[in-house]
Amino acid sequence: MKALLDTYGALLLKAIGMHIVYSAISVAIGFVLGLALGILLSRVPRLSGLLFPVISIFQTIPGLVFIGLLFLWLGMVPAAVIAALSVYAMFPVLKNTYTGLLGVEKKYIEAAKGCGMSPMQSLFKVELPLALPSIMAGLRMAAIYTVSWAVLASMIGLGGLGDFVYQGTSSNNNTLILLGAVPAAVLAIGFGSLVDWLQKRITPRGMKKEVRR
């Protein structure tokens with residue numbers, strides 16, 4: 001083990017750092033885009049009939065192909081990886097935000113109107129808090145998936161834990177594969193746990209009591 005760390009320790013730490021940066025930035029951008037589009041589509045349902053079929057088709061494009069296309073357009077820069085990962089991270093947040101908002105019972109929206117709330121106040125004070133479990137579930141999926149997809153960065157020479165995975169598979173070296181795969185799995189668990197912790201922190205107290213019941 002010591003010899004292994006002496007040989008790959010520094011490279012592994014650098015790869016983990018790059019993997020975290022790619023994943024964190026992409027999930028943050030994807031969350032903002034997905035949340036905004038989910039809110040927009042819930043307000044204009046007609047657009048969802050046009051956009052969701054396009055999204056479904058887009059999701060069938062392999063991540064490697066999409067990153068490759070962005071590589072041809074943007075060049076070998078981190079922005080190519082982040083742009084691709086952000087788009088894929090956006091999908092689960094978008095779908096869950098849209099589903100969560102449409103799932104809010106009308107009686108709560110009517111009650112908000114009866115209290116004199118504007119549509120914007122109703123959205124932020126009533127609808128989004130009630131849709132929060134669905135939104136956070138989308139964020140959790142986005143975070144876990146993005147950590148997995150980030151290994152594709154190495155395919156265009158931009159590092160990350162994928163370097164160890166692909167070097168290991170090409171040289172039939174199981175040790176290198178594990179050096180890339182195990183930290184990636186741990187990061188995925190860590191990102192998922194972080195989202196769970198965040199959900200507990202931002203969930204209103206009243207909703208926490210309802211969940212316990």
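Residues numbered from 1 in each chain as written. Predicted model: local features only at pLDDT ≥ 70, side-chain atom pairs only at ≥ 80, totals over all residues. Heavy atoms only, no water.

Asks: Help me understand the packing of helix 5 (residues 106-114) against helix 6 (residues 119-149) in this model?
Replies: Between two packed helices, the angle of one axis relative to the other and the distance separating the axes together describe the packing. Viewed as axis vectors pointing N to C, helix 5 and helix 6 meet at an angle of 160 degrees, and their least axial separation amounts to 10 Å. With respect to each other, helix 5 and helix 6 are oriented roughly antiparallel. Remark: the crossing between helix 5 and helix 6 carries right-handed chirality. Side by side, helix 5 and helix 6 meet where Tyr-108, Ile-109 and Ala-112 of the first sit next to Ser-122, Val-126, Glu-127 and Leu-130 of the second. (Axes fitted to C-alpha atoms, helices over the stretch in contact; angles between N-to-C directions. Helix = DSSP H or I, 4+ residues; strand = E, 2+ residues; numbered from the N terminus. Parallel < 35°, antiparallel > 145°, perpendicular 65-115°, else oblique. Left-handed = near helix turned anticlockwise from the far one by under 90°. Contact = heavy atoms within 4.5 Å.)

Asks: In this structure, what is going on with the pattern of salt bridges? I would like to understand it.
Replies: Pairing between side chains of opposite charge can happen when their charged atoms approach one another. Taken as a whole and judged by the stated rule, the model has three salt bridges. Residues Arg-43 and Glu-127 are paired through a salt bridge, measuring 2.9 Å at the closest nitrogen-oxygen approach. One end of the pair, Arg-43, is in helix 1 (residues 2-43); the other, Glu-127, is in helix 6, and 84 residues separate them in sequence. Owing to a relative accessible area of 38%, Arg-43 belongs among the partly exposed residues under this scheme. (Salt bridge = Lys/Arg side-chain N within 4 Å of Asp/Glu carboxyl O. Buried < 20%, exposed > 50% of the residue type's maximum accessible area, 1.4 Å probe, protein only.)

Asks: Explanation requested: the environment of Leu-35 in the structure shown.
Replies: Mapping Leu-35 onto the fold places it in helix 1. Taking the C-alpha atoms as reference points, Leu-35 and Pro-183, separated by 148 residues in sequence, lie 29 Å from one another. Excluding anything up to four places from it in sequence, Leu-35 contacts Val-93, Thr-97, Leu-128 and Ile-135.

Asks: What's the story with the nonpolar core in this structure? I'm lost.
Replies: Membership of the largest hydrophobic core comes to 22 residues, with the highest contact counts inside it found for Tyr-22, Phe-52, Val-81, Ile-156 and Leu-158. Elements represented by at least two residues in this core include exactly helix 1, helix 2 (45-59), helix 3 (63-74) and helix 4 (78-102). Ignoring sequence-local partners within four residues, the contact set of Val-81 consists of Tyr-22, Ala-153, Ile-156 and Leu-158. Of all hydrophobic cores here, the second largest spans 17 residues; its members include Leu-12, Met-136, Val-147 and Ala-188. (Core = buried A, V, L, I, M, F, W, Y, C linked by side-chain atoms within 4.5 Å.)

Asks: Help me out: how do you make sense of helix 4 in this one?
Replies: Working note: α-helix, 3.6 residues per turn, so residues spaced by three or four point in the same direction. For helix 4, which comprises 25 residues, the first-to-last C-alpha distance of 36 Å matches the rise-based estimate of 36 Å (1.5 Å per residue) to within 8%. Of all the bends in helix 4, the largest measures some 25 degrees and sits at Met-90, one to four residues before the proline Pro-92. Where burial is concerned, most of helix 4 is hidden: 18 out of the 25 residues are buried. (Expected span 1.5 Å × (residues − 1). Bend = angle between axes of the 7 residues up to and from the residue.)

Asks: What am I meant to see in the confidence of the model for the protein here?
Replies: Close inspection of predicted coordinates is inappropriate in any region flagged by low pLDDT. Put simply, the protein has an average pLDDT of 84, and 92% of its residues get 70 or more. Averaged pLDDT values for the elements of the protein fall to 54 in helix 9 (residues 205-212) and rise to 91 in helix 6. (pLDDT = per-residue confidence, 0-100.)

Asks: Looking at this structure, how should I read unusual backbone geometry?
Replies: Phi angles above zero are rare outside glycine, and Asn-172 is one such case at about 60 degrees. Residue position: Asn-172 is located in the loop between helix 7 (162-171) and helix 8 (174-202).

Asks: Looking at this structure, I do not really get the packing of aromatic side chains. What am I missing?
Replies: The geometry of two aromatic rings is summed up by the distance between their centres and the angle between their planes. Inspection of every chain in the model, using the stated rule, returns four aromatic pairs. Here Tyr-88 and Phe-91 contribute two aromatic rings whose centre-to-centre distance is 6.1 Å and whose plane-to-plane angle is 90 degrees, an arrangement assigned as edge-to-face. With Tyr-88 and Phe-91 both in helix 4 and three residues apart, this pair spans about one turn of that helix. Like Tyr-88, the residue Phe-91 is buried in the burial classification. Here Tyr-145 and Trp-149 contribute two aromatic rings whose centre-to-centre distance is 5.5 Å and whose plane-to-plane angle is 45 degrees, an arrangement assigned as tilted. Here Tyr-145 pairs with Trp-149, and both are found in helix 6, just four residues apart, close to one helical turn. The exposure class of Tyr-145 is partly exposed, given its relative accessible area of 40%. Site record: aromatic cluster; members linked through ring pairs are Tyr-88, Phe-91, Tyr-145 and Trp-149. (Phe/Tyr/Trp six-rings, centres within 6.5 Å; stacked < 30°, edge-to-face > 60°.)

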